[in-house]
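Next come the chains, spelled out residue by residue.
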Amino acid sequence: MLRAAPDIRDPAALPRTGWEPASLPDRWTQRWSDFKGTAWYRIDWSLPCAAQAGNADSAAQLGVALDYLNMAGAVFVNQTLLWRDPSLVEPLSRSWNMPRFFALPSAALRPEGNALFIQVVGASRFDSGLGNLMIASVDAAASHAQNRSFFVRTLPGINLVISATLGAFFLALWLLRRQDSAYGWYALTSATWLLFFSNTVVTTPWPFSTTEGWSRLVTVSMTFFCNALCMFLWAFGGQRFPRLARTLWAVSGAVALLFLFMPPSWYANATRTVFFSCVLLFIAACLQFIVRASRTREIEHLLLAACLVGFLVAAVHDTLLVLGLIGAGSAYTPITSPLITIGMTLILASRFARSVKRAESFNVELEGQVRLARDDLARTLTREHRLELDNVRLSERLQVAHDLHDGLGGSLVRSIALVEQSGQAIEVKQYLSMFKSLRDDLRQVIDTSSSASTTVADTPLQWLAPIRYRFVQLFDELGIDSEWQVPPTWPSPLSTKQLLGLTRILEEALTNAIKHSRATRLHVSLSVQADGQTRLAVEDNGVGFDAAMVSESMLGIGLRSMEARASRIGAEFRITSSCEGSLIEARIDAAPGAGRGAPPDT
């Protein structure tokens with residue numbers, strides 16, 4: 001081999017002296033510590049005896065198989081160019097992992113002495129050099145090149161496709177199930193492995209303008225791959241090491257910054273340090289999980305540990321191969337990586353399937369619990385509905401009782417008082433009039449049990465006229481003076497429900513005055529207060545009573561009825577009583593939207 005100027009592009013321009021012996025495969029790192037440039041290799045050989053005797057067919061069937069050429073270069077037979085990389089200057093073409101086959105043209109061969117000239121452009125820090133070379137029959141050379149290509153090109157390509165597909169799949173699973181962080185870390189591991197391992201198949205340093213730029217990216221991606229693998233193994237094994245995880249990511253960030261800004265003179269030592277550190281971290285992470293699996297004895301952990309054993313064997317072998325500590329041979333990673341990756345994927349898929357099955361079982365159990373809860377709720381609602389119906393019936397009975405007491409009961413009291421205090425015999429027409437009054441009050445109780453069919457009277461006089469007619473006649477016969485003071489129009493709009501409640505309160509107040517007060521003068525008034533409330537007041541000059549005692553006793557049905565009606569229509573109810581008389585009043589706010597022609601309030 002010969003170190004030569006980069007501008008020499010033809011074997012004819014090479015000097016005849018200065019050549020050094022070399023054995024293949026040849027690595028510049030073992031020969032020159034820090035060399036960057038062009039080196040030429042010369043392989044002298046002779047045609048087989050048959051070709052030397054003039055058998056041209058034997059010579060035409062010769063070929064050359066080249067394992068690799070790192071980084072870029074060209075191949076000549078004698079002075080004839082067989083092949084040249086597209087770029088022999090930066091950015092260099094990347095032929096370092098690409099086996100090649102060349103059929104030797106018979107016209108370029110000599111009967112006696114022949115030479116292969118191989119130009120290699122690279123640098124010691126990129127581990128440049130020349131791989132094994134075979135000169136044999138076309139079929140043998142082509143077969144050798146195809147076999148090599150399968151292991152160093154096809155298998156890595158398959159590995160990258162599998163890693164990309166499975167990484168995208170588990171990324172989607174993680175997005176659907178964020179709680180399963182192992183899927184997310186596996187997706188990140190696949191992505192960083194994809195970036196790192198793509199170094200074996202790419203033929204250009206794009207998007208970088210130099211080979212060194214691409215190599216720095218590969219080194220940084222290797223550190224992130226090891227970190228992501230640690231996170232995945234810890235998450236899959238149910239372990240957490242937050243401080244160690246933060247430390248690893250901080251170191252990876254520092255490495256990324258270092259490789260972004262460090263001078264080229266640091267590259268070789270820095271790359272070597274990072275490479276050994278990543279190898280040690282990878283081995284430590286795998287061993288740690290294997291120990292973890294031996295303790296948990298979970299089937300998924302044991303299966304993944306078996307996969308990691310395969311990774312460890314391949315990683316150790318390939319590391320020793322890169323360092324030149326073992327003889328030449330094929331790397332194990334391109335062969336084992338697809339199989340182990342598929343195995344790890346099956347383990348993750350099994351775990352996901354088990355999680356889905358557990359979720360389905362939980363859903364079935366939850367559905368059963370929901371069904372039981374729904375049945376209990378239905379029974380509870382049915383029971384509450386019965387109670388509500390009972391309460392409604394009871395409320396209706398109380399309403400009817402209050403209406404009978406306040407309406408029909410008041411008419412009975414008036415009739416009894418009229419009969420008892422009449423000084424002469426009552427004629428049949430008078431009895432008939434009282435019975436008709438009782439009938440009308442009974443009809444009113446039936447008709448007004450709901451306020452849905454009633455309307456608001458046009459004026460207070462029209463509202464008060466029936467009540468006044470029924471009571472004034474009795475007041476006159478009992479010698480009670482009555483004064484009725486009402487405005488010509490409604491002070492404020494009232495709803496039908498409010499007006500019906502005031503009607504019953506007024507009838508009960510007048511009936512109580514007849515039955516208990518022994519009054520000689522009554523004053524009924526309807527007015528509006530300064531705060532906008534409507535005030536209904538009934539005042540007499542009777543003997544009075546103890547309001548609190550009567551309300552609490554069994555005799556206070558009328559008072560409690562008035563209080564209940566006032567509460568139902570939202571009115572304030574007050575009773576003031578003394579030996580000089582009593583005052584019953586109800587104050588109520590105007591109903592929103594109420595008034596003449598307003599829809600009834602039910």
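Within every chain, residues take consecutive numbers counted from 1 along the sequence as written. It should be noted that, the model being predicted, local features are given only for residues of pLDDT at least 70 and side-chain atom pairs only at 80 or more, the latter also being counted only at that level, while totals for whole chains, interfaces and linings use all residues. The side-chain numbers reported here are obtained from all heavy atoms of the structure, hydrogens and water having been left aside.

1. With respect to the overall build of the protein
Move 1: Secondary structure elements are taken from DSSP: a helix is a run of H or I of four residues or more, a strand is a run of E of two residues or more, and numbering for both begins at the N terminus. A count of helices and strands for the protein gives 14 helices and 16 strands.
Move 2: Burial here depends on accessible area, computed with a 1.4 Å probe over protein chains only, as a share of the maximum for the residue type. Under 20% is buried, over 50% is exposed, and the range in between is partly exposed. When each of the 602 residues of the protein is scored for burial, the buried share is 44%.
Move 3: Any two residues having at least one pair of non-hydrogen atoms within 4.5 Å are treated as being in contact. Taking the intrachain contacts of the protein between residues at least 6 apart in sequence as the baseline, contacts between residues at least 24 apart amount to 74%.
Move 4: Total accessible area on the protein is roughly 31,800 Å²; 60% of this is exposed by carbon and sulfur atoms. For every accessible area listed, the method is Shrake-Rupley and the probe measures 1.4 Å; residues are considered covered only by the protein chains on display.

2. Points about helix α4 (residues 181-197)
Move 1: A helix is expected to span 1.5 Å for every residue after the first. An ideal rise of 1.5 Å per residue puts 24 Å on 17 residues; α4 measures up with 24 Å between its terminal C-alpha atoms.
Move 2: Those residues of α4 lying buried are Ala182, Tyr183, Gly184, Tyr186, Ala187, Thr189, Ser190, Thr192, Trp193 and Phe197.

3. Some remarks on the pattern of salt bridges
Move 1: One side-chain nitrogen of Lys or Arg within 4 Å of one carboxyl oxygen of Asp or Glu is enough to make a salt bridge. Within this structure, the stated rule accounts for 15 salt bridges.
Move 2: Between Arg42 and Asp44 there is a salt bridge whose closest N-O contact spans 2.9 Å.
Move 3: Exposure remark for Arg42: the relative accessible area of 40% places this residue in the partly exposed category.
Move 4: One salt-bridge network, in which partners are shared between bridges, spans Glu20, Asp26 and Arg31.

4. Considerations on the pairing of strand β16 (residues 581-588)
Regular strands place their side chains on alternate faces of the sheet.
Move 1: In terms of residue burial, β16 counts as a mostly covered element, since eight of its eight residues are buried.
Move 2: Because side chains alternate across β16, one face comprises the buried residues Gly581, Leu583, Glu585 and Arg587, and the other comprises Ser582, Ile584, Ala586 and Ile588, equally buried.
Move 3: Sheet topology note: the strand β14 (residues 534-540)/β16 ladder contains seven bridges and is antiparallel. Directly across from Val538, in β16, lies its bridge partner Ile584.
Move 4: Here, strands pair whenever DSSP counts at least two bridges between them. In terms of strand pairing, strand β15 (residues 572-578) meets β16 through seven bridges, oriented antiparallel. Directly across from Arg574, in β16, lies its bridge partner Glu585.

5. Structural notes on the environment of Leu104
Move 1: Along the chain, the position of Leu104 falls in the loop between β8 (100-103) and β9 (113-123).
Move 2: Note on Leu104: relative accessible area 2%, which makes it buried.
Move 3: Considered as a pair, Leu104 and Ile135 are 31 residues apart in the sequence and their alpha carbons are 9.3 Å apart.

6. Quick word on the confidence of the model for the protein
Move 1: pLDDT measures the predictor's confidence residue by residue and takes values from 0 up to 100. Mean pLDDT over the protein: 83, with 85% of residues reaching 70 or higher.
Move 2: Confidence drops under pLDDT 50 across residues 595-602; counting only partners more than four residues distant or on other chains, this segment forms 15 contacts.

7. Digging into unusual backbone geometry
Move 1: A cis amide bond, omega 0°, links Glu90 with the succeeding residue Pro91.
Move 2: Looking at the secondary structure, you find Pro91 in the loop between β7 (80-84) and β8.
Move 3: Following Trp206, the chain continues into Pro207 via a peptide bond in cis, with omega recorded as 15°.
Move 4: Positive phi, close to 60°, is recorded for Asp127, a residue that is not glycine.
Move 5: Looking at where Asp127 falls in the secondary structure, it is placed in the loop between β9 and β10 (129-130).
Move 6: Owing to a relative accessible area of 26%, Asp127 belongs among the partly exposed residues under this scheme.

8. Some remarks on the environment of Met562
Move 1: Topologically, Met562 is positioned in helix α14 (residues 557-568).
Move 2: Measuring from C-alpha to C-alpha, the distance between Met562 and Arg504 comes to 7.5 Å, with 58 residues separating the pair along the chain.
Move 3: In this structure Met562 touches Ile505, Glu508, Ala509, Asn512, Phe573 and Ile584, once residues within four positions along its chain are discounted.

9. Thoughts on the nonpolar core
Move 1: Take the buried Ala, Val, Leu, Ile, Met, Phe, Trp, Tyr and Cys residues and link them wherever side-chain atoms come within 4.5 Å; each set so joined is a nonpolar core. Counting residues in each nonpolar core, the largest one holds 54 residues, and the members touching the most others are Phe232 and Phe282.
Move 2: When residues of this core are traced back to their parent elements, those giving at least two are β9, α3 (138-176), α4, α5 (211-236), α6 (242-261), α7 (267-296), α8 (299-323) and α9 (333-421).
Move 3: With twelve residues, α5 is the largest single contributor of residues to this core.
Move 4: Once residues within four sequence positions are removed from consideration, Phe282 is found in contact with Phe225, Cys226, Leu229, Phe311, Leu312 and Ala315.
Move 5: Ranked by size, the runner-up nonpolar core spans 35 residues in total, among them Ala457, Phe471, Leu478 and Leu499.

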